[in-house]
Amino acid sequence: MLYAWHIEAGRYDKLNLDHINVVLAAYAAGHMVGFFERFLGVKSAPITYEASGSKRALRIPGLVTADIEAISGQEGRDTTVTGNPLCLAPGEPFVVAKSKSVELTDYDWHWRFGESAGGYSAFTYHS
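Predicted model, so just to flag it, every value in this text is computed and none were measured.

The next subject is the side chain of Arg56. Examined against the element boundaries, Arg56 turns out to sit in strand 6 (residues 55–60). Although buried, Arg56 forms no salt bridge, and the nearest oppositely charged side chain, Asp78, lies 6.8 Å from it. Of the polar contacts made by the side chain of Arg56, one reaches the side chain of Tyr49; its length is 3.2 Å. The residues touching Arg56, leaving out its near neighbours within four places in the chain, are Tyr49, Glu50, Ala51, Ala66, Asp67, Ile68 and Tyr120.

Given below as structure tokens:
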């Protein structure tokens, strides 16, 4: 799984979080038993996040490229899911998307796939 957050505006105590991007790559075997089995590490890297209409793109030079696009629903509107218990943004509708391409090369992972499930949503977290 590849998750990305783009914080348009935010604060944590006195720390300004405006325009910060965060990415989490996770793998869970089977039916997510044990969810995440081992922690590989944390890296600091420049992250580019782009949102244009129904398209989203993520770039981390030398590590990750990902492109997704929302699936059109009735009358050309977004296809959304609400109340999803696994959604990372509680209370926000999840826009169903399809990956155009996803590539990740980091640690011992070498992912390359496309034409698979994806999605995005707005989010609001409070501490």
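Moving on from the model shown.
Phi at His19 is positive, roughly 60°, even though this residue is not glycine. The residue His19 is located in the loop between strand 3 (15–16) and strand 4 (20–25) in this model. Using a relative accessible area of 59% as the deciding quantity, one classes His19 as exposed. The residue Glu115 is not glycine, and still its phi comes out positive at about 55°. Along the chain, Glu115 turns up in the loop between strand 10 (109–113) and strand 11 (117–120).

Before going further, it helps to spend a moment on the packing of aromatic side chains. The full count for this structure, using the stated rule, is two aromatic pairs. Their ring planes at 35° and their centres at 6.3 Å tell us that Tyr3 and Trp5 sit as a pair that is tilted. Summarising the aromatic geometry, the rings of Trp109 and Trp111 are spaced 4.9 Å apart at their centres and angled 20° between planes, so their arrangement reads as stacked. Trp111 matches Trp109 in its accessibility class, with the two residues each being buried. In this arrangement the basic side chain of Lys43 is found over the ring face of Tyr107, its NZ or CZ atom lying 4.6 Å from the centre. The side chain of Arg56 reaches across the aromatic face of Tyr120, ending 3.8 Å from its centre.

Moving on to the nonpolar core. Core analysis: the biggest nonpolar cluster contains eight residues, these being Leu58, Ile60, Val64, Ala66, Val102, Leu104, Trp109 and Trp111. Of all the secondary-structure elements, those providing two or more residues to this core are strand 6, strand 7 (64–70), strand 9 (94–106) and strand 10. Apart from the residues lying within four places of it in its own chain, the contact partners of Val64 are Leu2, Leu58, Arg59, Glu103 and Leu104. One finds Ile68, Ala70, Ala97 and Tyr120 within the second-largest nonpolar core, a separate group that totals five residues.

Conventions we followed
Residues numbered from 1 in each chain as written. Predicted model: local features only at pLDDT ≥ 70, side-chain atom pairs only at ≥ 80, totals over all residues. Heavy atoms only, no water. Helix = DSSP H or I, 4+ residues; strand = E, 2+ residues; numbered from the N terminus. Buried < 20%, exposed > 50% of the residue type's maximum accessible area, 1.4 Å probe, protein only. Lys, Arg positive; Asp, Glu negative; His and termini not counted. Salt bridge = Lys/Arg side-chain N within 4 Å of Asp/Glu carboxyl O. Polar contact = N/O pair within 3.5 Å; in protein donor to acceptor, adjacent residues only side chain to side chain. Contact = heavy atoms within 4.5 Å. Phe/Tyr/Trp six-rings, centres within 6.5 Å; stacked < 30°, edge-to-face > 60°. Lys NZ or Arg CZ within 6 Å of the ring centre and 35° of its normal. Core = buried A, V, L, I, M, F, W, Y, C linked by side-chain atoms within 4.5 Å.

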